[in-house]
Amino acid sequence: IPSEEIKINMPANADISKLYEPEYIVIANIEKISEYISYVPNLNKITLPVTKYKAKTLKNIKGNMNDTFEFIKSGGVISLADYEKTLSEEQIKKQGLDKKTKEEKGNTYVEISTSLNLNDTEIVTGKTYLICMRYDTTYEEFSTILVKIGILEYDENTNSVKDKEENKWIPLDQFIDKQNI
């Protein structure tokens with residue numbers, strides 16, 4: 001149990017014109033958070049965290065996902081000790097982490113929120129979303145990281161998605177046409 005929780009919103013540094021086209025687009029219900037991942041075996045290092053979700057497919061729009069699947073999204077929870085491993089010495093000093101004890105770093109958790117997509121949304125278990133993914137070979141998982149559109153709230157009653165850029169609900173077909181996906 002964390003002694004303290006810190007929330008950090010990371011700025012998007014990537015050129016969003018370089019985002020990947022989605023390989024899979026599904027309407028799915030989020031069943032649960034499976035785990036937080038901060039260690040990436042293929043890189044053999046600790047990175048900023050991602051959250052793995054389990055979802056149930058309601059409709060395949062592009063590609064063919066199984067009835068249930070797991071995917072990752074950037075952001076999640078990480079110990080302060082692991083978070084420190086992602087920083088340079090200068091960043092550690094600037095954030096005052098060099099003054100914290102090993103015990104404080106091990107018992108303090110950081111919730112990091114990152115998104116490179118203006119339309120991406122925070123996920124709530126039990127809700128339904130339009131999810132745009134690709135297979136990420138670094139994590140060996142389906143992923144919304146660096147994928148055009150990302151995750152949008154979906155309303156089953158009106159068959160529409162919440163466009164955060166325009167701050168309004170748009171019919172799904174109209175939104176997909178607008179995005180050229």
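Please refer to the structure higher up on the page.
The structure contained in this document is the topic of the report that follows. None of the values given here were measured: they were computed from a predicted structure.

Our next topic: the packing of aromatic side chains. Counted under the stated rule, the structure contains four aromatic pairs. Measuring from centroid to centroid gives 5.9 Å for F69 and F71, while their planes differ by 40 degrees, and the two rings are tilted. Here the two residues F69 and F71 agree in accessibility, since each one is buried. Ring geometry for Y135 against F142: centres 5.5 Å apart, planes inclined by 80 degrees, an arrangement best described as edge-to-face. For Y135, a relative accessible area of 35% gives the class partly exposed. Judged by relative accessible area, F142 falls into the partly exposed class, the value being 22%.

Okay, the pairing of strand β11 (residues 168-171) next. Taken residue by residue, a regular strand's side chains alternate between the two faces of the sheet. Where strand β10 (residues 160-163) lies against β11, four bridges are found, and the strand directions are antiparallel. In the strand pairing of β11, D163 is matched with K168.

A positive phi is found at N44, a non-glycine position, where the angle reads about 55 degrees. Assignment of secondary structure puts N44 in the loop between β2 (24-40) and β3 (45-62). Owing to a relative accessible area of 59%, N44 belongs among the exposed residues under this scheme. Here the phi dihedral of N159 falls at roughly 50 degrees; this positive angle occurs in a residue that is not glycine.

About the criteria used
- Residues numbered from 1 in each chain as written.
- Predicted model: local features only at pLDDT ≥ 70, side-chain atom pairs only at ≥ 80, totals over all residues.
- Heavy atoms only, no water.
- Phe/Tyr/Trp six-rings, centres within 6.5 Å; stacked < 30°, edge-to-face > 60°.
- Buried < 20%, exposed > 50% of the residue type's maximum accessible area, 1.4 Å probe, protein only.
- Pairing = 2+ DSSP bridges.
- Helix = DSSP H or I, 4+ residues; strand = E, 2+ residues; numbered from the N terminus.

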